[in-house]
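Observations on chain architecture
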Amino acid sequence: MTSPIDIEGGGTSVDVDGEPGPETKSEAVKLAGRSPGQLMWLRFKRDRTGVISAYVVGFFFLIGLLAPLIAKLYGKNPYTVYADERPELFDSAGVPVQPNGGISGDFWFGLEPGNGYDVFTKLIYGIRTSLMISVAVTVAVVVTGILLGVTAGYVGGRTDYFIGRVIDFLLAFPAQLFFIASMPVVVSLFVSPRDETPTYVRVVALIIVQWFLGWMGLGRILRGTALALREREFIEAARVSGASSWRIIRKEILPNVVTPLLVQSTYLLPGFVTAEAGLSFLGVGIVEPTPDWGQMFSKASTELVMQNDITYMFFPGVSMIIFVVAFNLLGDSVRDAFDPKTAR
């Protein structure tokens, strides 16, 4: 005959013959372990700011992906010159006759002074262009940072010395001035200065120029992480077991650099968005008639727009502020989710 023994504060009953009670089984289910990825996801979901920022960032990417469909449902495109199609909407100076830049049920965000492009479709296509270029640059930077940073940190020796000196040399370049000065040079490698430059050439040039001076920071971070990891016990155990360097890097090093890689990527992309917009604003990036975020800022800074339609700047300006702030907050939340010991 057995008799349960009550343990104060334990909440479970234990039989003297060793048979676990039903509460012990439920307790075992509650204590089920979670992987680091699951813990990170749980911490991230508790961060309301991070979740809201993720929704905002996802909304912008969705707008960019669905821009052609949205424009089709809207019934307009960003290339129609309404100053020629419907001249009654503009005065003799090319300014929309209706107040607030011509905002109406037909033109939700108004019309652009001068050419008369529809501002709504130009904005969503501009978001599409800027995000497409910035994502391509970010991917190229991440791949280069992984290849060179992890290789330098793990291999060490002359390889580390050579890659380190290349990083130091490129970091000495003034990035913004280099972007402005090198864009015409890179474009001229593909197209003669006497010919009109296709849009795809300008896109490729923007990606190359920003990638060239954009990977060093990430590469240095990954180099330091790999340098610390290669002295850890599990790396030594992998070497002793006969694993090749490629297998150690792929199976042991790379999974442990995901945290700094993901966090840095969330900071890099909004930086490339603003850099691309700045180049287009200065006239060395995307030019009309291709819609672009920075090109809209350039148009808003002209005397015609500033004096007659101050609302034109509102929509591209507010949208970019929201996007950059949301992406930076998302980066903070991702960092805190991976490493809860860090303090904001």
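For the structure itself, look to the data block above.
Attention in this report is confined to the structure presented alongside it. Quantities reported herein were computed from a predicted structural model and do not represent experimental measurements.

1. Examining the overall build of the protein chain
- Looking only at helices and strands, the protein chain has 17 helices and 2 strands in total.
- The buried share among the 344 residues of the protein chain stands at 40%.
- Counted over contacts in the protein chain with a minimum sequence separation of 6, partners at least 24 positions apart contribute 68%.
- Total accessible area on the protein chain is roughly 18900 Å²; 63% of this is exposed by carbon and sulfur atoms.

2. Remarks on the packing of helix α12 (residues 233–240) against helix α13 (residues 245–253)
- Running from N to C, α12 and α13 point in directions that differ by 145°, and their axes come no closer than 11 Å. The two elements α12 and α13 cross, and the hand of that crossing is right-handed. Facing Phe234, Ile235, Ala238 and Arg239 of α12, the residues of α13 in contact are Ile248, Glu252 and Ile253.
- The residue makeup of the contact of α12 with α13, split by class, is 5 nonpolar, no polar and 2 charged.

3. Some details on the packing of aromatic side chains
- Applying the stated rule across the entire model yields 18 aromatic pairs.
- Between Phe173 and Phe178, the aromatic rings sit 5.5 Å apart at their centres with planes inclined by 80°, giving edge-to-face as the arrangement.
- Measuring from centroid to centroid gives 5.3 Å for Phe314 and Phe315, while their planes differ by 85°, and the two rings are edge-to-face.
- In this structure Phe315 comes out as buried when scored by relative accessible area, which is 17%.
- Cluster of aromatic residues (ring-pair linked, three or more members): Phe59, Phe60, Phe61, Trp293, Phe323 and Phe327.
- Between Lys76 and the ring centre of Tyr74, over which it is positioned, the NZ or CZ distance is 4.8 Å.
- When the ring centre of Phe107 is taken as origin, the NZ or CZ atom of Lys76, which lies over that ring, is 5.1 Å away.

4. Topic: the pattern of salt bridges
- A full pass over the atoms with the stated rule returns 9 salt bridges.
- A salt bridge links Asp332 to Arg335, with the shortest nitrogen-to-oxygen separation between them at 3.9 Å. On the criterion of helical spacing, the pair formed by Asp332 and Arg335 is a turn pair, its members being 3 residues apart in helix α17 (residues 314–338).
- The exposure class assigned to Arg335 is partly exposed, which follows from its relative accessible area of 24%.
- Several salt bridges share partner residues, and in doing so they unite Glu112, Lys122 and Glu288 into one network.

5. Thoughts on the layout of surface pockets
- Each pocket or cavity is described by its volume, and for the second largest pocket that value is around 220 Å³.
- Contributing to the lining of the second largest pocket are 13 residues, with Phe59, Phe109, Leu123, Ile127 and Ser319 lying nearest its centre.
- Among the secondary structure elements, those contributing two or more residues to the lining of the second largest pocket are α3 (48–65), α7 (119–155) and α17.
- At 5 residues, the largest contribution of residues to the lining of the second largest pocket is made by α17.

6. Overview of the packing of α7 against helix α14 (residues 258–281)
- Interaxial distance between α7 and α14 falls to 9 Å at its minimum, and their mutual angle equals 135°. Relative to α14, α7 is oriented oblique. Of the two elements, α7 crosses α14, and the hand of that crossing is right-handed. Counted together, Ser130, Leu131, Ile133, Ser134, Val135, Val137, Thr138, Val141, Val142 and Ile146 of α7 and Leu261, Ser265, Leu268, Leu269, Phe272, Val273 and Glu276 of α14 form the full contact between these two elements.
- By residue class, the composition of the contact of α7 with α14 is 12 nonpolar, 4 polar and 1 charged.

7. Comments concerning helix α8 (residues 157–171)
- Taking 1.5 Å as the rise per residue, α8 with 15 residues should run 21 Å; its terminal C-alpha atoms sit 21 Å apart, in good agreement.
- Those residues of α8 not exposed but buried are Asp160, Ile163, Gly164, Ile167 and Leu170. Seen from one end, α8 has its buried residues packed into an arc of 130°, which puts them on one side. Exposed residues pointing more than 90 degrees away from the buried face of α8 are listed as Arg158, Tyr161, Phe162 and Phe169.

8. With respect to the side chain of Thr144
- With respect to the element layout, Thr144 can be found in helix α7.
- Of note is the side chain of Thr144, whose polar atom sits 2.7 Å from the side chain of Trp211.
- With residues up to four places along the chain from it excluded, the contact list for Thr144 reads Gly149, Trp211 and Trp215.

About the criteria used
Residues numbered from 1 in each chain as written. Predicted model: local features only at pLDDT ≥ 70, side-chain atom pairs only at ≥ 80, totals over all residues. Heavy atoms only, no water. Helix = DSSP H or I, 4+ residues; strand = E, 2+ residues; numbered from the N terminus. Buried < 20%, exposed > 50% of the residue type's maximum accessible area, 1.4 Å probe, protein only. Contact = heavy atoms within 4.5 Å. Areas by Shrake-Rupley, 256 points an atom, 1.4 Å probe, with all protein chains shown as cover. Axes fitted to C-alpha atoms, helices over the stretch in contact; angles between N-to-C directions. Left-handed = near helix turned anticlockwise from the far one by under 90°. Nonpolar A, V, L, I, M, F, W, Y, C, P; charged D, E, K, R; others polar. Phe/Tyr/Trp six-rings, centres within 6.5 Å; stacked < 30°, edge-to-face > 60°. Lys NZ or Arg CZ within 6 Å of the ring centre and 35° of its normal. Salt bridge = Lys/Arg side-chain N within 4 Å of Asp/Glu carboxyl O. 1 Å grid on protein atoms, 1.4 Å probe; cavity = no way out; pocket = protein on both sides within 12 Å on 5 of 7 lines; lining within 4 Å. Points joined across faces, edges and corners; volume = space filled by probe spheres on them. Parallel < 35°, antiparallel > 145°, perpendicular 65-115°, else oblique. Expected span 1.5 Å × (residues − 1). Arc of directions from axis to C-beta. Polar contact = N/O pair within 3.5 Å; in protein donor to acceptor, adjacent residues only side chain to side chain.

These figures capture arrangement, not role.
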